[in-house]
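Report on the structure
Letter by letter, the chains look like this.
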Amino acid sequence: MKLYLLEVNFSQRLNNQITSVFILSMYESGMEIKKRTWDILRFLIGISIISLLILKLGAAEVVDVISSMNLYIVLLVIISLLLTIFLYAAIIKILTEGLGEEIGITDSLRYYLPSHALGLLTPGRVGRLSLLYFLKKNKISYGVTLAVLVLERLVAYITLSAIAIYGFFIFFERDTALKVTFYLLLFLLILGLLIKSEKIRKIIQDFVLGKYAEKFEGFYRNLEFLVKVKKTILALTFFLSFARLALAAFVKYLMFLYFNVNVSFFDVLVISSISGLTALIPISISGLGVRESSAVYLFYKIGVDPAISGGIFLFVTIMRYVTASIILGIYSKEIKNIKILLWLS
């Protein structure tokens, strides 16, 4: 009788466990389907915005502008894109070494190239987070890498926001500029508080990371160390982040000069920053279409032919995606080794 009861009890527990695993599996599958659907929708939205923009500007006019780009312009854009990636890689190297980990600029660049391409061509969770996988190959812990990634993004957003806020008061009415600035600063403040809050970090550890939380041990300690102790490295990171924006803007400025459009480098820098900020709105993958549309609108406000500004920004976007696709092709074998995006590696 006792043996029978034990068997029944064991059977019930086993059935409960199987049921729980099945329900969890179905839930995760449902979430994955929803996410894939949303990713596809965002991609289609981006393509739709680009298509509508081209139709609005005039397809023939846009094609005429893009086809007017000579070989030197093409090389200039490609070189600037590669230099921008190099600056990103330099920031990763500087911040990583600030935490006592050794990584050469060659390795940093080699790891950042596929990460950058993934970030541009795939939905959010793959992108830059793939650096966790790549830097792990250099025996750099997830806690260190995540701190580096978060700080690099925060510095980039703050730098972009600082330039964009100045532009708000140039291109918009004072009340509108104040409102947008208020919400932007509020977002940055909330983001900082969320990162700093021990309770929020605990919730993320328990409900998001779960059993993988220990892999990211030391994240906040490393982040705090870089901000509070390594001030010189932090200042250099801000400088390189600004240099990256300035480089991209300078190339666009030269392209406007190529078409005999009289704009200042400062105008191009400010408008590029504002359009870059709008690209963070998650309605399309990597801000596809949003960045270009906002740039065309702002340049129109200072008297630039929309077909020219649209052609320039669309051409740069095309070259970004072509360059990223080539990088992914080169690193295809390496990328195939990323399992469920690093969690199980």
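This text follows the structure it describes.
Residues numbered from 1 in each chain as written. Predicted model: local features only at pLDDT ≥ 70, side-chain atom pairs only at ≥ 80, totals over all residues. Heavy atoms only, no water.

This part is about the overall build of the chain. Scanning the chain from terminus to terminus reveals 14 helices and zero strands. Mapped in sequence order, the helices and strands of the chain form the string α-α-α-α-α-α-α-α-α-α-α-α-α-α. Within the span of the chain, comprising 345 residues, buried residues form 43% of the whole. In the chain, the share of contacts with a sequence separation of at least 24, taken over all contacts with a separation of at least 6, comes to 74%. Put simply, the chain shows about 19300 Å² of open surface, and 68% of that area lies on carbon and sulfur atoms. (Helix = DSSP H or I, 4+ residues; strand = E, 2+ residues; numbered from the N terminus. Buried < 20%, exposed > 50% of the residue type's maximum accessible area, 1.4 Å probe, protein only. Contact = heavy atoms within 4.5 Å. Areas by Shrake-Rupley, 256 points an atom, 1.4 Å probe, with all protein chains shown as cover.)

Core analysis: the biggest nonpolar cluster contains 53 residues, and I92, L95, Y112, L131, L135, L151 and F219 have the highest contact counts within it. Where this core is concerned, the elements lending two or more residues are α1 (2-57), α3 (71-98), α4 (105-121), α5 (130-136), α6 (142-171), α9 (219-228), α10 (231-258) and α13 (306-330). Sequence-distant contacts of L135, defined by excluding residues within four places in its chain, comprise I92, I103, Y111, I140 and T145. If you look at the next biggest cluster of nonpolar residues, it comprises 38 residues, including F171, F259, I274 and L277. (Core = buried A, V, L, I, M, F, W, Y, C linked by side-chain atoms within 4.5 Å.)

Under the defined criterion, the tally for this structure stands at four salt bridges. For E224, the salt bridge goes to K228, with nearest N and O atoms at 3.0 Å. One end of the pair, E224, and the other, K228, are both in helix α9, four residues apart, so they sit about a helical turn from each other. (Salt bridge = Lys/Arg side-chain N within 4 Å of Asp/Glu carboxyl O.)

The next point concerns helix α12 (residues 290-301). Residues separated by three or four positions in an α-helix point in the same direction, a consequence of the helix having 3.6 residues per turn. A rise of 1.5 Å per residue sets the reference length of α12, with its twelve residues, at 16 Å; its end C-alpha atoms lie 17 Å apart and thus fit the reference within 8%. All of the buried residues in α12 are V290, R291, E292, S294, A295, V296, L298 and F299. (Expected span 1.5 Å × (residues − 1).)

As a packed pair, α6 and helix α7 (residues 174-196) sit with axes 10 Å apart at the nearest point and diverge in direction by 165°. As judged from the angle between their axes, α6 and α7 are roughly antiparallel. Here α6 and α7 pass one another in a crossing that is left-handed. Mapping the contact onto sequence places V150, L154, Y157, S161, I165, F168 and F169 in α6 and R174, A177, L178, V180, T181, L184, L185, L188, L191 and I195 in α7. Looking at the contact of α6 with α7, its residues break down into 14 nonpolar, two polar and one charged. (Axes fitted to C-alpha atoms, helices over the stretch in contact; angles between N-to-C directions. Parallel < 35°, antiparallel > 145°, perpendicular 65-115°, else oblique. Left-handed = near helix turned anticlockwise from the far one by under 90°. Nonpolar A, V, L, I, M, F, W, Y, C, P; charged D, E, K, R; others polar.)

So, about the layout of surface pockets. When its volume is computed, the second largest pocket comes out at roughly 350 Å³. As for the second largest pocket, its lining consists of 16 residues, and the residues nearest its centre are L151, L154, G192, L223 and V227. Within the residue set of the lining of the second largest pocket, elements represented by two or more residues are α6, α7, α9 and α10. Counted by class, the lining of the second largest pocket contains twelve nonpolar, one polar and three charged residues. (1 Å grid on protein atoms, 1.4 Å probe; cavity = no way out; pocket = protein on both sides within 12 Å on 5 of 7 lines; lining within 4 Å. Points joined across faces, edges and corners; volume = space filled by probe spheres on them.)

Turning our eyes to something else, we now look at the packing of aromatic side chains. Here the structure, examined in full by the defined rule, presents twelve aromatic pairs. Ring geometry for Y133 versus F134: centroids 5.3 Å apart, planes at 70°, classification edge-to-face. In this structure F134 comes out as buried when scored by relative accessible area, which is 1%. Judged by centre distance (5.9 Å) and plane angle (55°), the rings of F299 and F313 are tilted. Separated by 14 residues along the polypeptide, F299 in helix α12 and F313 in helix α13 bring together distant segments of the chain. Like F313, F299 is buried. (Phe/Tyr/Trp six-rings, centres within 6.5 Å; stacked < 30°, edge-to-face > 60°.)

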